[in-house]
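Per-entry structural report
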Amino acid sequence: MKKEQIIKMIEIAFSQLAYSYTPYSDFKVGAALLGKNGRIYTGCNIENAAYTPSNCAERTAFFKAVSDGERNFRAIAIVGGKEGEKDYDFCSPCGVCRQVMMEFCDPEEFEIVLGNSAGDIKVIKLKDILPEGFGPENLE
Ligand code: THU
C-alpha cells in the first residue's frame, strides 16, 4: 500500500475512537478496513454489561463489510488506547480478531497497519502475527 493510503486509513481509524463504547474498560479502539472493492469499512469496540458480548473494533469493521457484501480485503488500520491518556501506544489485534482475519484474508498478503499517537506506523502481515493459522483451506 502507498504511504498516503496508510496515513488516510490511520486517520480514519483515529476518527472512530469517538464512537467507541467502553463504559467498562475505558480502552478505546478504532479500525479502518480496506476492501478489495476500494471501500473503507470503519469499526469501533462496543462493550456490554455482560462483558462477553463485547465486540472489538476490528470485528465490527469486518462484520460491517461482510454484511454489506464485501469478503475480500487488502489491509486494516488499528489504533487504540486508554481514554484520557495523552499517548496512545500501538494496539495489536486480539487472538479472536486475528482468527476472523484468517477467515477472509490471505495471511501472506493481508496487511495490519498499527499507528500510535506519535505518528509512528508499523505494517505487519497476518502470517507474522498468526503463524500456522487455521483457516477455510484446512477444511477443504
Ligand atoms: N479491543 C479491541 O477492540 N481491539 C483490540 O485489538 C484489542 C482490544 C477492545 C476490547 C475491549 O472493548 C477493550 O478493547 C479492552 O480489551
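Summary of the structure given here.

What counts and how
- Residues numbered from 1 in each chain as written.
- Predicted model: local features only at pLDDT ≥ 70, side-chain atom pairs only at ≥ 80, totals over all residues.
- Heavy atoms only, no water.
- Phe/Tyr/Trp six-rings, centres within 6.5 Å; stacked < 30°, edge-to-face > 60°.
- Pairing = 2+ DSSP bridges.
- Helix = DSSP H or I, 4+ residues; strand = E, 2+ residues; numbered from the N terminus.
- Axes fitted to C-alpha atoms, helices over the stretch in contact; angles between N-to-C directions.
- Contact = heavy atoms within 4.5 Å.

This next bit is on the packing of aromatic side chains. For the structure shown, the criterion picks out five aromatic pairs. Three or more aromatic residues joined by ring pairs make a cluster, and in this case those are Phe62, Phe73, Phe104 and Phe110.

Quick look at the sheet that holds strand 3 (residues 73-82) now. An order of 2-1-3-4-5 is seen for the five strands of this open sheet, with the pairing classed as mixed. Of all strands in the sheet, those with a lone pairing partner are strand 2 (40-44) and strand 5 (121-125), marking the two edges. On average, each strand axis in the sheet is inclined to that of its neighbour by 20°, with strand direction left out of account. As paired strands, strand 1 (residues 27-35) and strand 2 are joined by five bridges and run antiparallel to one another. Across the sheet, residue leucine 33 finds its bridge partner in strand 2, namely tyrosine 41. In the packing of helix 1 (residues 3-15) onto the sheet, contacts are made with strand 1, strand 2, strand 3, strand 4 (111-115) and strand 5, and the angle to strand 3 comes to roughly 45°. In the packing of helix 2 (residues 57-67) onto the sheet, contacts are made with strand 1, strand 2 and strand 3, and the angle to strand 2 comes to roughly 140°.

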